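# Architecture at a glance
Below are the chains, spelled out letter by letter.
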Amino acid sequence: MTLLEQLAQYIVSGITLGSIYALIALGFVTIYNVTGIINFSQGEFAVVGAFVAITAAQKVSLFRGQAAVGLEWPLPAAILAGVIAAVLIGALLYRAGIQPARNASPLSQIVVTIGASIALRGLVLLAWGTDPYRLDPFSAGKPLRLLGAVVTRQSVWVMGLTVVTVVGLYLFFRFTLTGRALRASSANPGAARLMGINIQRMGLLAFVLSAGLGALGGIVIAPITFMTYDRGLMLALKGFVAMILGGLTSPVGAVIAGIALGVIESLAAGLLSSGYKDAFSFVVLFVVLLVRLGGLLGARRGPALERAGL
Amino acid sequence: MKTVAPAQWAGLGLVIALAVIPLLVRNNYQIFILILIAVDTILTVGLSLVMGYAGQVSLGHATFFGVGAYATALLSARFGWPPALALPAAAGLTALAGYLLGVPIFRLRGHYLAMATLGLNVIFILILKNEAEVTGGPSGFTDIPPLALGGLTFDSDVKMYYLVWAVTLGVLWLSLNVVNSRVGRALRAIHASEVAAEALGVDANAYKLKVFAMAAGFAGLAGGLYAQAIHFISPSSFDVLVSIELVTMAAVGGLASVWGSIFGAATVVLLAQFIRDRMGVLLAGASGEQEIIVFGLLLVVIMVFLPEGLTVGGLRVLRAWPITRRLRAARDQT
């Protein structure tokens, strides 16, 4: 393998990984824009979604072998089940945790989402244990080759689904009444309320949407890397780094930054040190936070940065 | 004659209770739990000051706990320093680390600060795991010598218990003094309104840095004591989940409450212990980390319903109860 082929390989796996970060970062941005909250349990949606989908699709034993589940649903149904499970949890989190504390300080709200995240993590641990789980690839077949790099069929699925989701979200925000109401409530909550938009319902919708996005990310990556109960935190952190790099409020920025982060991480792990793989994105974050607070892509300090006190 | 305030009576009662407990408890495991509570109290009081008085969330406090523990271990086991010297040196080193890291980090606020401190913790754990020649890697660092002062070696759990609690009370006393001093008033002003405080000539950033460095120093001290009490440390004792557990303790005890931190630390440690012991009964085969479900829910419930913590918030709820109100009304009439 020449260096060039190696580079191509790192970039391909980086884009695959980055697509997941992009989906999670999109969830962060959606919630933040509508409610002004950073939802630390974003990564847990991915984990819950993936585990539910795996349980629906394959034979799995739960609660340390005390319950055997053998649904073996077809893949689309399993994916749907995973997304729905995460969406329900997202809705519950908003109704039970965020809405009652909506007048509390940002500190309290952060702590609420952190609490929810570790409770969910414990719940997953209780049901599925510490074993790594893997979903079968969405389609069988030989991997493709591109410029000397191996591209697995699942990678193609990941990238394809990310593109479809991003385009779908764009159309939703742009052309549907609900999507425009969501954008209105992020631009100016007070005015949106005067126009008859139910802000609480929009908050709920944002959590539901983000939970679905996170779950989708977790499900599509489950055939590539094993899913374990403790991956949520790291996924959320990476997604958050991508959100900041993308300028905090910009969905387009979040997607580009997520993919860039995946590529940087993959290159750094391959060329420098794989032991410090998870550290690189934080090094990038520190540099960006301290040098350029508006993010790499956000050219100016928007109202959201003002709201965050920066 | 000087009158004795109720708080001073409570403090005296606490000291007596702490002194008597080891005579009543003859079980080393229970003594060990009490040592853990003391260590967590030192950690929590620092975090409570940072979060409550400076209004800054730190999700990486376990980093400083770890720095103190590993510095103590390295200085005494590798470089052959006497443990009694290694401990204060480690605490000082951690305070310095807190100050130096605080300079860039406190340029951030709110969510950014939370995430930056979390990132710091993640990087710290990765360093501990990867630099195995220095830190012992994922399996940890063993054979940390016990503390010795003069001819007295703190090699039993009971001796260590007295030492750790003496230090803890010292830390609490120091924290109370800080809170009631000019620095404490400045910090409260910053928490109320940073702009207003700065307009009145309070250098907000300098105060925040000071309290952050002090909390880091406390955490370093706690880490050193922890290392000398159990003679073994590994990265998992200092990871992000521990930081979150510390935030739980501070939240339970009430942010900005010095005495609350004992209560918070004790509640969380005992609750965790209880769940570990009982979880297996509730669900065969379950053990270990499931206790975090309860921590998570506890955090959510406290933040939603009792944001001032169990102590202050609980008292407020109690006072608002109809029965208590009626009792008080009856008392006021007589």
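Note that the structure is predicted; figures quoted are calculated from it, not measured. (Residues numbered from 1 in each chain as written. Chains lettered and ligands numbered in written order. Predicted model: local features only at pLDDT ≥ 70, side-chain atom pairs only at ≥ 80, totals over all residues. Heavy atoms only, no water.)

Check the secondary structure of chain A and you find 12 helices and four strands. Whereas a compact globule of 310 residues would reach a radius of gyration of roughly 19 Å, chain A reaches 19 Å, a difference of no more than 12%. Seen along its three principal axes, the alpha-carbon backbone of chain A occupies a region of about 60 × 50 × 35 Å. Burial statistics for chain A: of 310 residues in total, 57% are counted as buried. Long-range contacts, defined here as pairs at least 24 residues apart, represent 73% of the contacts in chain A between residues at least 6 apart. Accessible surface for chain A amounts to roughly 13000 Å². Of this, 67% is attributable to carbon and sulfur atoms. The average position of the 21 basic charges and that of the 9 acidic charges among the side chains of chain A differ by 13 Å. (Helix = DSSP H or I, 4+ residues; strand = E, 2+ residues; numbered from the N terminus. Rg over C-alpha atoms; globule rule 2.2 N^0.38 Å. Buried < 20%, exposed > 50% of the residue type's maximum accessible area, 1.4 Å probe, protein only. Contact = heavy atoms within 4.5 Å. Areas by Shrake-Rupley, 256 points an atom, 1.4 Å probe, with all protein chains shown as cover. Lys, Arg positive; Asp, Glu negative; His and termini not counted. Charge placed at Lys NZ, Arg CZ, Asp CG, Glu CD.)

What follows concerns the pattern of salt bridges. Where side chains of opposite charge bring their charged atoms close, a pairing between them can arise. Residue and element names in this part refer to chain A. In this structure the tally under the stated criterion is three salt bridges over all chains. Across the pair Lys 238 and Glu 265 runs a salt bridge whose closest N-O atoms are separated by 3.2 Å. Taken together, the residues Lys 238 in helix α9 (residues 231-245) and Glu 265 in helix α10 (residues 251-271) connect sequence positions 27 residues apart. Between Glu 265 and Lys 277 there is a salt bridge, and its shortest N-O distance comes to 3.4 Å. (Salt bridge = Lys/Arg side-chain N within 4 Å of Asp/Glu carboxyl O.)

On to the interface of chain A and chain B, then. Between chain A and chain B, the contact holds 48 residues from the first and 45 residues from the second. Of the roughly 4100 Å² buried where chain A meets chain B, counting both sides, 78% is carbon and sulfur surface. Between the two partners, chain A and chain B, sit zero salt bridges. Linking chain A with chain B are two residue pairs in polar contact (both at pLDDT 80 or more), by the criterion used here. Looking at the side of chain A that touches chain B, the elements that each hand over two or more residues are α3 (75-98), α4 (106-128), α9 and α11 (277-291) of chain A. (Buried area = accessible area lost by both parts, 1.4 Å probe. Polar contact = N/O pair within 3.5 Å; in protein donor to acceptor, adjacent residues only side chain to side chain.)

Let's shift gears to the side chain of Thr 94 of chain B. All names here are of chain B. Its location among the elements puts Thr 94 in helix α4 (residues 83-105). Among the polar contacts made by the side chain of Thr 94, one reaches the main-chain carbonyl oxygen of Ala 90 at a distance of 2.6 Å. If we skip the residues at most four places from it in the chain, Thr 94 touches Phe 64, Val 67, Gly 68, Ala 216 and Gly 220.

So, about the packing of helix α14 (residues 309-320) of chain B against helix α15 (residues 322-333) of chain B. All names here are of chain B. Direction vectors running N to C along α14 and α15 enclose 70 degrees, while the axes themselves pass 5 Å from each other. When the interaxial angle is binned, α14 and α15 end up roughly perpendicular. Contacts between α14 and α15 involve Leu 318, Arg 319 and Ala 320 from the first element and Pro 322, Thr 324, Arg 325 and Arg 328 from the second. Looking at the contact of α14 with α15 residue by residue, the class counts come to three nonpolar, one polar and three charged. (Axes fitted to C-alpha atoms, helices over the stretch in contact; angles between N-to-C directions. Parallel < 35°, antiparallel > 145°, perpendicular 65-115°, else oblique. Nonpolar A, V, L, I, M, F, W, Y, C, P; charged D, E, K, R; others polar.)

Core analysis: the biggest nonpolar cluster contains 205 residues, and Phe 40 and Trp 128 of chain A together with Ile 233 and Phe 238 of chain B have the highest contact counts within it. Sequence-distant contacts of Phe 40 of chain A, that is, excluding residues within four places in its chain, are made with Ile 110, Thr 113, Ile 114, Ser 117 and Ala 236 of chain A together with Leu 59, Ala 114, Met 115 and Leu 118 of chain B. (Core = buried A, V, L, I, M, F, W, Y, C linked by side-chain atoms within 4.5 Å.)

This brings us to a nonpolar patch on the surface. Residues and elements named next belong to chain B. A cluster of nonpolar side chains, Trp 9, Leu 12, Ile 16, Val 20, Leu 23, Leu 24 and Tyr 162, forms an exposed patch at the surface whose accessible area comes to about 750 Å². Among the elements that make up the nonpolar patch, the one with the highest residue count is helix α1 (residues 6-24) (six residues). Summarising the element assignment, Leu 12 is placed in helix α1. Given a relative accessible area of 45%, Leu 12 falls into the partly exposed group. (Patch = residues over 30% accessible without salt bridge, like charges linked within 9 Å, V, L, I, M, F, W, Y side chains within 5 Å.)

Below, the discussion takes up the packing of aromatic side chains. Residue and element names in this part refer to chain B. Inspection of the entire model under this criterion finds 13 aromatic pairs over all chains. Judged by centre distance (6.3 Å) and plane angle (85 degrees), the ring pair of Tyr 226 and Phe 238 falls under edge-to-face. With Tyr 226 in helix α10 (residues 204-230) and Phe 238 in the loop between α10 and α11 (240-253), the pair connects residues that are 12 residues apart, well separated along the chain. With a relative accessible area of 13%, Tyr 226 lands in the buried category. With a relative accessible area of 0%, Phe 238 lands in the buried category. Residue placement shows Lys 210 over the ring face of Tyr 207; its charged tip is 5.1 Å from the ring centre. (Phe/Tyr/Trp six-rings, centres within 6.5 Å; stacked < 30°, edge-to-face > 60°. Lys NZ or Arg CZ within 6 Å of the ring centre and 35° of its normal.)

Take the packing of helix α5 (residues 153-175) of chain A against helix α8 (residues 199-221) of chain A next. Residues and elements named next belong to chain A. Between α5 and α8, whose axes approach to 10 Å, the crossing angle comes to 165 degrees. The angle between the axes of α5 and α8 places the two elements in the roughly antiparallel class. When you trace α5 past α8, the crossing you get is right-handed. Where α5 abuts α8, its residues Gln 154, Val 158, Leu 161, Thr 165, Leu 169, Phe 172 and Phe 173 lie against Leu 209, Leu 213, Leu 216 and Val 220. By residue class, the composition of the contact of α5 with α8 is nine nonpolar, two polar and no charged. (Left-handed = near helix turned anticlockwise from the far one by under 90°.)

The next subject is the confidence of the model for chain A. In this model, chain A carries an average pLDDT of 84, and 93% of its residues clear a pLDDT of 70 or more. Low pLDDT (under 50) marks residues 295-310 of chain A, which in the prediction has 37 contacts with non-local residues, meaning those over four places away or in another chain. (pLDDT = per-residue confidence, 0-100.)

Another point: the confidence of the model for chain B. Here chain B shows a mean pLDDT of 83. Residues at 70 or above account for 94%. Taken element by element, the predicted model of chain B shows its lowest mean pLDDT in α14 of chain B (72) and its highest in helix α3 (residues 61-78) of chain B (93).

Even without being a glycine, Leu 248 of chain A presents a positive backbone phi close to 70 degrees. Take Leu 248 of chain A: it is sitting in the loop between α9 and α10. Located in the positive-phi region is Asp 143 of chain B, a residue other than glycine, with phi close to 55 degrees. Within the secondary structure layout, Asp 143 of chain B lies in the loop between α6 (132-135) and β1 (148-149).

Our next topic: the environment of Glu 308 of chain B. Considering the arrangement of structural elements, one finds Glu 308 of chain B in the loop between α13 (291-305) and α14. For the pair Glu 308 of chain B and Arg 109 of chain B, spaced 199 residues apart in the sequence, the C-alpha separation amounts to 21 Å.

Residue and element names in this part refer to chain A. Relative to the elements of secondary structure, Thr 113 occurs in helix α4. A residue is classified by how much of its surface remains accessible, and Thr 113, at 0% relative accessible area, is buried. If sequence neighbours within four positions are ignored, Thr 113 has contacts with Ile 37, Ile 38, Asn 39, Phe 40, Ser 41 and Ile 98.

Let's shift gears to the environment of Trp 165 of chain B. Residue and element names in this part refer to chain B. With respect to the helices, strands and loops of the structure, Trp 165 is situated in helix α7 (residues 157-179). Its relative accessible area of 6% is what places Trp 165 among the buried residues. When neighbours within four sequence positions are excluded, Trp 165 is seen to be in contact with Leu 18, Leu 34, Ile 37, Ala 38, Thr 41 and Ile 262. From its side chain, Trp 165 meets the backbone oxygen of Leu 34 in a polar contact 3.2 Å long.

Right, let's talk about α9 of chain A for a bit. Residue and element names in this part refer to chain A. In a regular helix each residue adds 1.5 Å, so 15 residues correspond to 21 Å; α9 covers 21 Å between its end C-alpha atoms and thus fits that length. Burial runs high along α9: 13 of the 15 residues are buried. Backbone geometry just downstream of α9 places Gly 247 in the positive-phi region, at approximately 95 degrees. (Expected span 1.5 Å × (residues − 1).)

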